[in-house]
Amino acid sequence: MSFFKRLKDKLIGNPTEEEKVAEIIEEEAAEQKQDEATEPAQIEAIVDENEKAEEVSVTEATSETEIPVASEDQEQQEQQEQQEQQEQQEQQEEVQEVAIVEEPVKEKKPSAWSITQKFKTGLEKTRNSFTSKVNDLVARYRKVDEDFFEELEDLLLQADVGFETVMELMDKLRFEVQRKNIKDTSGIQTIISEKLVEIYEQGEEDLIELNMQPKGELTVILFVGVNGVGKTTTIGKLAHRLKSQGKTVVLAAGDTFRAGAIDQLQVWGDRVGCEVIKQSEGSDPAAVMYDAIRAAKNRNADVLICDTAGRLQNKVNLMNELEKVHRVISREVPNAPHEVLLALDATTGQNALVQAQTFKEATNVTGIVLTKLDGTAKGGIVLAIRNKLHIPVKFVGLGEKMDDLQPFDAERYVYGLFADGLDKELQNSED
(Lines give C-alpha, C1' and ligand atoms only; values in the text may rest on other atoms or scores of the structure.)
Protein backbone atom coordinates (compact mmCIF):
# COMPACT_ATOMS: atom_id res chain seq x y z
CA MET A 1 0.00 0.00 0.00
CA SER A 2 1.37 3.43 -0.96
CA PHE A 3 2.29 6.02 1.65
CA PHE A 4 -0.50 8.34 0.49
CA LYS A 5 -3.08 5.53 0.76
CA ARG A 6 -1.96 4.63 4.28
CA LEU A 7 -1.84 8.29 5.27
CA LYS A 8 -5.32 8.93 3.88
CA ASP A 9 -6.67 5.94 5.81
CA LYS A 10 -5.16 7.37 8.99
CA LEU A 11 -6.60 10.83 8.36
CA ILE A 12 -10.03 9.51 7.45
CA GLY A 13 -9.96 7.01 10.28
CA ASN A 14 -11.16 3.81 8.59
CA PRO A 15 -12.98 1.66 11.17
CA THR A 16 -11.08 -1.07 13.00
CA GLU A 17 -12.37 -4.66 13.21
CA GLU A 18 -13.91 -3.91 16.62
CA GLU A 19 -15.69 -0.85 15.22
CA LYS A 20 -16.96 -2.92 12.28
CA VAL A 21 -18.35 -5.56 14.67
CA ALA A 22 -20.00 -2.82 16.72
CA GLU A 23 -21.58 -1.38 13.56
CA ILE A 24 -22.94 -4.83 12.60
CA ILE A 25 -24.43 -5.28 16.08
CA GLU A 26 -26.06 -1.83 15.84
CA GLU A 27 -27.50 -2.65 12.41
CA GLU A 28 -28.90 -5.98 13.68
CA ALA A 29 -30.45 -4.22 16.68
CA ALA A 30 -32.03 -1.62 14.38
CA GLU A 31 -33.45 -4.37 12.13
CA GLN A 32 -34.82 -6.16 15.18
CA LYS A 33 -36.53 -2.96 16.36
CA GLN A 34 -37.97 -2.45 12.90
CA ASP A 35 -39.27 -6.04 12.88
CA GLU A 36 -40.84 -5.51 16.31
CA ALA A 37 -42.47 -2.32 15.06
CA THR A 38 -43.90 -4.00 11.95
CA GLU A 39 -45.07 -7.14 13.81
CA PRO A 40 -48.42 -5.60 14.93
CA ALA A 41 -49.07 -4.41 11.36
CA GLN A 42 -48.37 -7.92 10.04
CA ILE A 43 -50.72 -9.49 12.63
CA GLU A 44 -53.36 -6.94 11.69
CA ALA A 45 -52.97 -7.81 8.03
CA ILE A 46 -53.36 -11.54 8.79
CA VAL A 47 -56.52 -10.85 10.80
CA ASP A 48 -57.87 -8.73 7.95
CA GLU A 49 -57.18 -11.53 5.48
CA ASN A 50 -59.04 -14.02 7.68
CA GLU A 51 -61.95 -11.63 7.95
CA LYS A 52 -61.94 -11.24 4.18
CA ALA A 53 -62.04 -14.98 3.72
CA GLU A 54 -65.01 -15.21 6.08
CA GLU A 55 -66.80 -12.39 4.25
CA VAL A 56 -66.21 -14.10 0.90
CA SER A 57 -67.69 -17.34 2.21
CA VAL A 58 -70.68 -15.44 3.59
CA THR A 59 -71.29 -13.63 0.33
CA GLU A 60 -71.15 -16.88 -1.62
CA ALA A 61 -73.92 -18.23 0.60
CA THR A 62 -76.15 -15.14 0.24
CA SER A 63 -78.47 -14.25 -2.58
CA GLU A 64 -77.47 -12.48 -5.81
CA THR A 65 -79.05 -9.22 -4.67
CA GLU A 66 -76.72 -9.07 -1.68
CA ILE A 67 -73.53 -9.66 -3.71
CA PRO A 68 -73.15 -6.09 -5.02
CA VAL A 69 -73.40 -4.70 -1.48
CA ALA A 70 -70.78 -7.15 -0.18
CA SER A 71 -68.42 -6.35 -3.05
CA GLU A 72 -68.78 -2.62 -2.39
CA ASP A 73 -67.88 -3.15 1.29
CA GLN A 74 -64.92 -5.26 0.26
CA GLU A 75 -63.67 -2.58 -2.13
CA GLN A 76 -63.87 0.04 0.61
CA GLN A 77 -61.99 -2.21 2.99
CA GLU A 78 -59.30 -2.92 0.41
CA GLN A 79 -58.86 0.81 -0.24
CA GLN A 80 -58.56 1.42 3.49
CA GLU A 81 -55.94 -1.33 3.82
CA GLN A 82 -53.95 0.04 0.89
CA GLN A 83 -54.01 3.50 2.48
CA GLU A 84 -52.80 2.08 5.81
CA GLN A 85 -49.99 0.14 4.10
CA GLN A 86 -48.93 3.29 2.22
CA GLU A 87 -48.83 5.26 5.49
CA GLN A 88 -46.72 2.53 7.14
CA GLN A 89 -44.30 2.55 4.20
CA GLU A 90 -43.96 6.34 4.38
CA GLN A 91 -43.22 6.10 8.13
CA GLN A 92 -40.52 3.48 7.50
CA GLU A 93 -38.96 5.68 4.83
CA GLU A 94 -38.91 8.61 7.28
CA VAL A 95 -37.18 6.44 9.89
CA GLN A 96 -34.61 5.38 7.30
CA GLU A 97 -34.01 9.01 6.31
CA VAL A 98 -33.46 9.94 9.97
CA ALA A 99 -31.02 7.04 10.34
CA ILE A 100 -29.13 8.21 7.26
CA VAL A 101 -28.92 11.74 8.65
CA GLU A 102 -27.66 10.47 12.02
CA GLU A 103 -25.00 8.14 10.58
CA PRO A 104 -22.25 10.76 10.11
CA VAL A 105 -22.48 11.70 13.80
CA LYS A 106 -21.41 8.17 14.76
CA GLU A 107 -18.36 8.12 12.49
CA LYS A 108 -14.90 7.83 13.99
CA LYS A 109 -13.37 10.50 11.74
CA PRO A 110 -13.09 13.23 14.41
CA SER A 111 -11.07 10.99 16.76
CA ALA A 112 -8.71 9.87 13.98
CA TRP A 113 -8.28 13.46 12.84
CA SER A 114 -7.70 14.71 16.39
CA ILE A 115 -4.93 12.13 16.94
CA THR A 116 -3.29 13.16 13.66
CA GLN A 117 -3.55 16.80 14.72
CA LYS A 118 -1.78 15.97 18.00
CA PHE A 119 1.20 14.72 16.00
CA LYS A 120 1.05 17.74 13.72
CA THR A 121 0.91 20.17 16.66
CA GLY A 122 3.43 18.24 18.75
CA LEU A 123 6.03 18.27 15.97
CA GLU A 124 5.52 21.93 15.13
CA LYS A 125 8.96 23.03 16.38
CA THR A 126 10.72 20.33 14.38
CA ARG A 127 8.59 21.12 11.33
CA ASN A 128 9.28 24.84 11.55
CA SER A 129 13.04 24.38 11.75
CA PHE A 130 13.54 21.30 9.59
CA THR A 131 10.70 21.08 7.09
CA SER A 132 10.76 24.79 6.26
CA LYS A 133 14.39 24.32 5.25
CA VAL A 134 13.44 21.30 3.15
CA ASN A 135 10.75 23.41 1.46
CA ASP A 136 13.33 26.11 0.72
CA LEU A 137 15.68 23.46 -0.63
CA VAL A 138 12.98 22.05 -2.93
CA ALA A 139 12.14 25.57 -4.10
CA ARG A 140 15.79 26.40 -4.89
CA TYR A 141 16.54 23.17 -6.71
CA ARG A 142 14.36 22.54 -9.74
CA LYS A 143 16.11 19.27 -10.53
CA VAL A 144 17.30 16.39 -8.33
CA ASP A 145 21.09 16.22 -8.51
CA GLU A 146 24.01 15.44 -6.20
CA ASP A 147 24.11 18.97 -4.77
CA PHE A 148 20.46 18.59 -3.76
CA PHE A 149 21.20 15.29 -1.97
CA GLU A 150 24.18 16.76 -0.12
CA GLU A 151 22.17 19.68 1.26
CA LEU A 152 19.28 17.37 2.19
CA GLU A 153 21.76 15.16 4.04
CA ASP A 154 22.95 18.13 6.12
CA LEU A 155 19.38 19.10 7.03
CA LEU A 156 18.54 15.58 8.20
CA LEU A 157 21.68 15.46 10.37
CA GLN A 158 20.71 18.79 11.96
CA ALA A 159 17.33 17.30 12.90
CA ASP A 160 19.13 14.50 14.83
CA VAL A 161 17.93 11.79 12.47
CA GLY A 162 21.32 10.12 13.03
CA PHE A 163 24.28 9.51 10.73
CA GLU A 164 23.53 5.85 9.93
CA THR A 165 19.84 6.56 9.30
CA VAL A 166 20.67 9.49 7.02
CA MET A 167 23.14 7.40 4.99
CA GLU A 168 20.56 4.64 4.59
CA LEU A 169 17.91 7.16 3.57
CA MET A 170 20.20 8.79 1.00
CA ASP A 171 20.94 5.42 -0.59
CA LYS A 172 17.23 4.61 -0.80
CA LEU A 173 16.40 8.03 -2.26
CA ARG A 174 19.11 7.84 -4.91
CA PHE A 175 17.93 4.38 -5.93
CA GLU A 176 14.27 5.47 -6.08
CA VAL A 177 15.08 8.59 -8.11
CA GLN A 178 17.07 6.50 -10.57
CA ARG A 179 14.46 3.74 -10.75
CA LYS A 180 11.59 6.15 -11.44
CA ASN A 181 13.75 8.42 -13.59
CA ILE A 182 12.78 11.46 -11.50
CA LYS A 183 14.23 14.69 -12.88
CA ASP A 184 12.63 17.51 -10.88
CA THR A 185 11.97 18.04 -7.15
CA SER A 186 8.16 18.09 -7.35
CA GLY A 187 6.81 15.26 -5.24
CA ILE A 188 10.18 14.56 -3.62
CA GLN A 189 8.75 15.09 -0.12
CA THR A 190 6.40 12.16 -0.66
CA ILE A 191 9.32 9.88 -1.52
CA ILE A 192 11.33 11.12 1.49
CA SER A 193 8.33 10.50 3.77
CA GLU A 194 7.70 7.03 2.42
CA LYS A 195 11.35 5.99 2.78
CA LEU A 196 11.49 7.32 6.36
CA VAL A 197 8.48 5.17 7.27
CA GLU A 198 10.10 2.16 5.58
CA ILE A 199 13.34 2.67 7.51
CA TYR A 200 11.46 2.92 10.80
CA GLU A 201 9.21 -0.09 10.31
CA GLN A 202 11.79 -2.36 8.63
CA GLY A 203 9.05 -4.88 7.78
CA GLU A 204 7.88 -5.21 11.43
CA GLU A 205 4.27 -4.74 12.46
CA ASP A 206 2.37 -3.97 15.69
CA LEU A 207 5.45 -2.45 17.30
CA ILE A 208 3.44 -0.10 19.48
CA GLU A 209 1.24 -2.76 21.10
CA LEU A 210 1.93 -3.36 24.78
CA ASN A 211 2.43 -6.99 25.83
CA MET A 212 -0.78 -7.21 27.85
CA GLN A 213 -1.65 -10.49 29.56
CA PRO A 214 -5.02 -12.26 29.17
CA LYS A 215 -7.89 -11.14 31.37
CA GLY A 216 -7.51 -12.38 34.93
CA GLU A 217 -3.68 -12.28 34.83
CA LEU A 218 -1.48 -9.46 36.12
CA THR A 219 0.52 -7.42 33.59
CA VAL A 220 3.70 -5.88 35.05
CA ILE A 221 5.21 -2.83 33.32
CA LEU A 222 8.62 -1.65 34.56
CA PHE A 223 9.64 1.97 33.87
CA VAL A 224 13.31 2.95 33.73
CA GLY A 225 15.07 6.21 32.86
CA VAL A 226 17.24 8.95 34.34
CA ASN A 227 15.88 11.63 36.63
CA GLY A 228 14.25 14.62 34.96
CA VAL A 229 13.05 12.97 31.75
CA GLY A 230 9.38 13.00 32.79
CA LYS A 231 9.25 9.34 33.86
CA THR A 232 6.80 9.78 36.77
CA THR A 233 4.52 12.04 34.72
CA THR A 234 4.52 9.47 31.91
CA ILE A 235 3.59 6.72 34.37
CA GLY A 236 0.61 8.79 35.50
CA LYS A 237 -0.50 9.43 31.90
CA LEU A 238 -0.16 5.74 30.98
CA ALA A 239 -2.16 4.79 34.08
CA HIS A 240 -4.87 7.21 32.98
CA ARG A 241 -4.88 5.68 29.49
CA LEU A 242 -5.19 2.13 30.81
CA LYS A 243 -7.90 3.12 33.29
CA SER A 244 -9.92 4.71 30.49
CA GLN A 245 -9.81 1.27 28.81
CA GLY A 246 -11.51 -0.23 31.87
CA LYS A 247 -8.43 -1.73 33.52
CA THR A 248 -7.61 -1.69 37.23
CA VAL A 249 -4.15 -0.15 37.68
CA VAL A 250 -1.81 -0.16 40.70
CA LEU A 251 1.38 1.95 40.90
CA ALA A 252 4.59 0.95 42.69
CA ALA A 253 6.81 3.78 44.04
CA GLY A 254 10.16 2.09 43.44
CA ASP A 255 12.17 5.30 43.11
CA THR A 256 13.09 5.52 46.81
CA PHE A 257 16.34 7.37 46.15
CA ARG A 258 15.25 10.74 44.72
CA ALA A 259 13.75 13.16 47.21
CA GLY A 260 10.08 13.80 46.48
CA ALA A 261 9.73 10.99 43.92
CA ILE A 262 7.31 9.00 46.11
CA ASP A 263 5.14 12.05 46.80
CA GLN A 264 5.11 12.97 43.11
CA LEU A 265 3.86 9.50 42.16
CA GLN A 266 1.24 9.69 44.93
CA VAL A 267 -0.06 12.97 43.48
CA TRP A 268 -0.47 11.29 40.09
CA GLY A 269 -2.09 8.26 41.71
CA ASP A 270 -4.67 10.52 43.39
CA ARG A 271 -5.23 12.42 40.14
CA VAL A 272 -5.98 9.35 38.00
CA GLY A 273 -7.58 7.28 40.79
CA CYS A 274 -4.92 4.56 41.18
CA GLU A 275 -3.62 3.06 44.42
CA VAL A 276 0.08 3.68 45.06
CA ILE A 277 2.10 1.07 46.98
CA LYS A 278 5.02 2.76 48.73
CA GLN A 279 7.47 2.62 51.62
CA SER A 280 9.59 5.25 53.32
CA GLU A 281 12.28 7.16 51.44
CA GLY A 282 15.52 5.20 51.18
CA SER A 283 13.82 1.79 51.34
CA ASP A 284 14.92 -1.16 49.24
CA PRO A 285 13.21 -0.81 45.81
CA ALA A 286 13.00 -4.62 45.48
CA ALA A 287 11.02 -4.77 48.75
CA VAL A 288 8.59 -2.17 47.37
CA MET A 289 8.09 -4.28 44.24
CA TYR A 290 7.41 -7.37 46.36
CA ASP A 291 4.74 -5.53 48.38
CA ALA A 292 3.24 -4.00 45.22
CA ILE A 293 2.89 -7.36 43.46
CA ARG A 294 1.20 -8.89 46.52
CA ALA A 295 -1.15 -5.91 46.79
CA ALA A 296 -1.97 -5.98 43.05
CA LYS A 297 -2.78 -9.72 43.24
CA ASN A 298 -4.96 -9.29 46.32
CA ARG A 299 -6.93 -6.51 44.60
CA ASN A 300 -7.25 -8.50 41.34
CA ALA A 301 -5.58 -5.64 39.47
CA ASP A 302 -5.03 -5.89 35.72
CA VAL A 303 -1.84 -3.83 35.50
CA LEU A 304 1.02 -2.96 37.87
CA ILE A 305 3.24 -0.06 36.74
CA CYS A 306 6.57 0.11 38.58
CA ASP A 307 8.68 3.25 38.94
CA THR A 308 12.45 2.88 39.46
CA ALA A 309 15.40 5.05 40.46
CA GLY A 310 17.05 6.98 37.66
CA ARG A 311 20.52 7.84 38.90
CA LEU A 312 23.38 7.27 36.48
CA GLN A 313 26.23 8.49 38.69
CA ASN A 314 27.29 4.91 39.33
CA LYS A 315 26.44 2.60 36.45
CA VAL A 316 27.35 -0.54 38.43
CA ASN A 317 24.94 0.29 41.27
CA LEU A 318 22.18 1.06 38.76
CA MET A 319 22.64 -2.24 36.97
CA ASN A 320 22.74 -4.20 40.24
CA GLU A 321 19.60 -2.49 41.50
CA LEU A 322 17.66 -3.07 38.28
CA GLU A 323 18.77 -6.70 38.16
CA LYS A 324 17.55 -7.22 41.74
CA VAL A 325 14.20 -5.58 40.98
CA HIS A 326 13.85 -7.68 37.83
CA ARG A 327 14.67 -10.86 39.78
CA VAL A 328 12.04 -10.17 42.47
CA ILE A 329 9.34 -9.39 39.89
CA SER A 330 10.04 -12.51 37.78
CA ARG A 331 10.02 -14.70 40.92
CA GLU A 332 6.57 -13.46 41.96
CA VAL A 333 5.06 -13.24 38.45
CA PRO A 334 6.40 -15.73 35.86
CA ASN A 335 7.72 -14.12 32.63
CA ALA A 336 7.39 -10.65 34.20
CA PRO A 337 8.08 -7.81 33.72
CA HIS A 338 6.09 -8.07 30.50
CA GLU A 339 7.26 -4.63 29.36
CA VAL A 340 10.38 -2.64 30.26
CA LEU A 341 9.75 0.89 29.00
CA LEU A 342 12.60 3.40 28.85
CA ALA A 343 11.58 7.05 29.22
CA LEU A 344 13.78 9.42 27.20
CA ASP A 345 13.68 13.21 26.93
CA ALA A 346 13.46 14.14 23.24
CA THR A 347 14.91 17.61 23.93
CA THR A 348 18.29 16.06 24.85
CA GLY A 349 18.83 14.86 21.26
CA GLN A 350 21.82 12.56 20.82
CA ASN A 351 22.28 12.37 24.61
CA ALA A 352 19.00 10.41 24.71
CA LEU A 353 20.60 7.89 22.39
CA VAL A 354 23.54 7.47 24.82
CA GLN A 355 21.11 6.94 27.73
CA ALA A 356 19.21 4.34 25.72
CA GLN A 357 22.42 2.41 25.05
CA THR A 358 23.30 2.47 28.78
CA PHE A 359 19.92 1.19 29.92
CA LYS A 360 19.83 -1.41 27.17
CA GLU A 361 23.00 -2.87 28.70
CA ALA A 362 21.53 -2.76 32.21
CA THR A 363 18.15 -4.34 31.44
CA ASN A 364 16.14 -5.80 28.59
CA VAL A 365 14.38 -2.68 27.29
CA THR A 366 11.32 -3.64 25.21
CA GLY A 367 10.15 -0.17 24.21
CA ILE A 368 10.87 3.56 24.31
CA VAL A 369 8.60 6.31 25.62
CA LEU A 370 9.87 9.56 24.11
CA THR A 371 8.75 12.49 26.27
CA LYS A 372 8.62 16.22 25.48
CA LEU A 373 8.62 15.68 21.72
CA ASP A 374 6.58 18.86 21.41
CA GLY A 375 9.38 20.86 23.06
CA THR A 376 12.21 20.04 20.66
CA ALA A 377 13.25 21.08 17.16
CA LYS A 378 15.13 17.78 16.78
CA GLY A 379 12.27 15.31 16.48
CA GLY A 380 14.33 13.18 14.12
CA ILE A 381 15.80 11.43 17.20
CA VAL A 382 12.87 8.99 16.93
CA LEU A 383 14.36 7.53 13.75
CA ALA A 384 17.90 7.48 15.16
CA ILE A 385 16.82 5.49 18.23
CA ARG A 386 14.85 2.97 16.21
CA ASN A 387 17.55 2.46 13.60
CA LYS A 388 20.52 2.44 15.97
CA LEU A 389 19.16 0.37 18.86
CA HIS A 390 16.40 -1.62 17.14
CA ILE A 391 14.02 -0.78 19.99
CA PRO A 392 10.52 0.39 19.01
CA VAL A 393 9.18 3.74 20.21
CA LYS A 394 5.86 2.72 21.77
CA PHE A 395 4.61 6.07 23.08
CA VAL A 396 5.41 9.75 22.53
CA GLY A 397 4.62 12.75 24.70
CA LEU A 398 3.03 15.46 22.56
CA GLY A 399 1.97 17.92 25.27
CA GLU A 400 1.18 18.45 28.94
CA LYS A 401 -2.45 17.27 28.95
CA MET A 402 -3.48 13.91 30.37
CA ASP A 403 -4.30 12.46 26.93
CA ASP A 404 -1.22 13.85 25.18
CA LEU A 405 0.64 10.55 25.65
CA GLN A 406 -0.05 8.85 22.33
CA PRO A 407 0.93 5.46 20.86
CA PHE A 408 3.64 6.09 18.31
CA ASP A 409 2.53 5.88 14.71
CA ALA A 410 5.13 6.06 11.91
CA GLU A 411 2.76 7.50 9.28
CA ARG A 412 1.36 10.17 11.60
CA TYR A 413 4.87 11.00 12.83
CA VAL A 414 6.18 11.55 9.30
CA TYR A 415 3.04 13.49 8.44
CA GLY A 416 3.75 15.71 11.46
CA LEU A 417 7.22 16.38 10.05
CA PHE A 418 6.10 17.21 6.50
CA ALA A 419 2.45 18.25 7.09
CA ASP A 420 2.44 21.42 4.98
CA GLY A 421 4.14 19.94 1.93
CA LEU A 422 2.28 16.63 2.14
CA ASP A 423 -1.09 18.36 2.35
CA LYS A 424 -0.38 20.08 -0.98
CA GLU A 425 0.92 16.91 -2.64
CA LEU A 426 -1.99 14.86 -1.27
CA GLN A 427 -4.43 17.40 -2.71
CA ASN A 428 -2.65 17.36 -6.07
CA SER A 429 -2.73 13.55 -6.18
CA GLU A 430 -6.51 13.59 -5.57
CA ASP A 431 -7.03 16.22 -8.29
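It should be noted that the structure appears before, not after, this text.
Residues numbered from 1 in each chain as written. Predicted model: local features only at pLDDT ≥ 70, side-chain atom pairs only at ≥ 80, totals over all residues. Heavy atoms only, no water.

Novice: Break down the overall build of the protein for me, citing the residues and quoting the values.
Specialist: Summing up its helical and strand segments, the protein has 15 helices and eight strands in all. With 431 residues in all, the protein has 44% of them scored as buried. When the accessible area of the protein is evaluated, it comes to approximately 23000 Å², of which 48% is carbon and sulfur surface. (Helix = DSSP H or I, 4+ residues; strand = E, 2+ residues; numbered from the N terminus. Buried < 20%, exposed > 50% of the residue type's maximum accessible area, 1.4 Å probe, protein only. Areas by Shrake-Rupley, 256 points an atom, 1.4 Å probe, with all protein chains shown as cover.)

Novice: Account for the packing of helix H9 (residues 231-244) against helix H10 (residues 261-272), with residues named and values stated.
Specialist: In helix packing, the relevant descriptors are the interaxial angle and the interaxial distance, both defined with respect to the helix axes. Remark: H9 packs on H10, axes separated minimally by 9 Å, with the N-to-C direction vectors making an angle of 20°. Taken together, the axis directions place H9 and H10 in an arrangement best described as roughly parallel. Both H9 and H10 take part in a crossing whose hand is right-handed. Side by side, H9 and H10 meet where Thr-232, Thr-233, Ile-235, Gly-236, Lys-237, Ala-239, His-240 and Lys-243 of the first sit next to Gln-264, Leu-265, Trp-268 and Val-272 of the second. (Axes fitted to C-alpha atoms, helices over the stretch in contact; angles between N-to-C directions. Parallel < 35°, antiparallel > 145°, perpendicular 65-115°, else oblique. Left-handed = near helix turned anticlockwise from the far one by under 90°. Contact = heavy atoms within 4.5 Å.)

Novice: Run through the nonpolar core, naming residues and quoting values.
Specialist: Ranked by internal contacts, the top residues of the largest apolar core, which has 81 residues, are Phe-148, Leu-152, Leu-304, Ile-329, Leu-370, Phe-408 and Tyr-413. Excluding anything up to four places from it in sequence, Phe-408 contacts Phe-119, Tyr-200, Ile-208, Val-382, Val-393, Lys-394, Phe-395, Val-396 and Tyr-413. With 22 residues, the next largest nonpolar core counts Leu-210, Trp-268, Cys-274 and Val-369 among its residues. (Core = buried A, V, L, I, M, F, W, Y, C linked by side-chain atoms within 4.5 Å.)

Novice: Account for unusual backbone geometry, naming residues and giving values.
Specialist: Negative phi values dominate among residues other than glycine, just as trans dominates among peptide bonds. Residue Pro-337 follows Ala-336 across a cis peptide bond; omega there is 0°. Along the chain, the position of Pro-337 falls in the loop between helix H12 (315-332) and strand S5 (339-345). Its identity is not glycine, yet Asn-300 carries a phi of approximately 55°, on the positive side. Residue placement: Asn-300 occurs in the loop between helix H11 (285-298) and strand S4 (303-306). Positive phi values are uncommon outside glycine, yet His-390 reaches one of about 55°.

Novice: Let's hear about the sheet that holds strand S7 (residues 393-397): which residues, and what values?
Specialist: Read across the sheet, eight strands follow the order S3-S2-S4-S1-S5-S6-S7-S8 without closing on themselves; strand pairing throughout is mixed. Of all strands in the sheet, those with a lone pairing partner are strand S3 (275-277) and strand S8 (405-407), marking the two edges. Sheet twist, expressed as the mean angle between neighbouring strand axes with direction ignored, is 25°. Sheet strands in contact with H9 are strand S1 (219-224), strand S2 (249-252), S4, S5, strand S6 (367-371), S7 and S8, and its direction is about 155° off that of S1. (Pairing = 2+ DSSP bridges.)

Novice: Quick one: what's the story with H10, residue by residue and with numbers?
Specialist: Between its first and last C-alpha, H10 extends 17 Å over 12 residues, near the 16 Å set by a 1.5 Å rise per residue. Packed against the buried residues of H10 are H9, S2 and S3. Looking one or two residues beyond H10, the residue adopting positive phi is Gly-273, at roughly 80°. (Expected span 1.5 Å × (residues − 1).)

Novice: An account of the pairing of S6 is requested, with residue identities and associated values reported.
Specialist: Taken across its five residues, S6 has five buried, putting it largely inside the fold. Because side chains alternate across S6, one face comprises the buried residues Gly-367, Val-369 and Thr-371, and the other comprises Ile-368 and Leu-370, equally buried. Bridge count between S5 and S6: five bridges; the pairing is parallel. The residue of S6 that forms the bridge with Ala-343 is Val-369. Pairing between S6 and S7: three bridges, direction parallel. Paired with Ile-368 across the bridge in S7 is Val-393. In terms of handedness, the path from S6 via helix H14 (residues 381-389) over to S7 forms a crossover that is right-handed. (Right-handed = clockwise from strand over helix to strand, strands pointing away.)

Novice: Got a sec to walk through the packing of helix H6 (residues 146-158) against helix H7 (residues 163-179)? Specific residues and values, please.
Specialist: At their nearest, the axes of H6 and H7 sit 10 Å apart, and the two run at 150° to each other. Of the possible angle classes, the one that applies to H6 and H7 is roughly antiparallel. Read as a crossing pair, H6 and H7 show a hand that is right-handed. Facing H6, whose interface residues are Glu-146, Phe-149, Leu-152, Glu-153, Leu-156 and Leu-157, H7 presents Phe-163, Val-166, Met-167, Leu-169, Met-170, Leu-173, Arg-174 and Val-177. A class-by-class count of the residues in the contact of H6 with H7 yields 11 nonpolar, no polar and three charged. (Nonpolar A, V, L, I, M, F, W, Y, C, P; charged D, E, K, R; others polar.)

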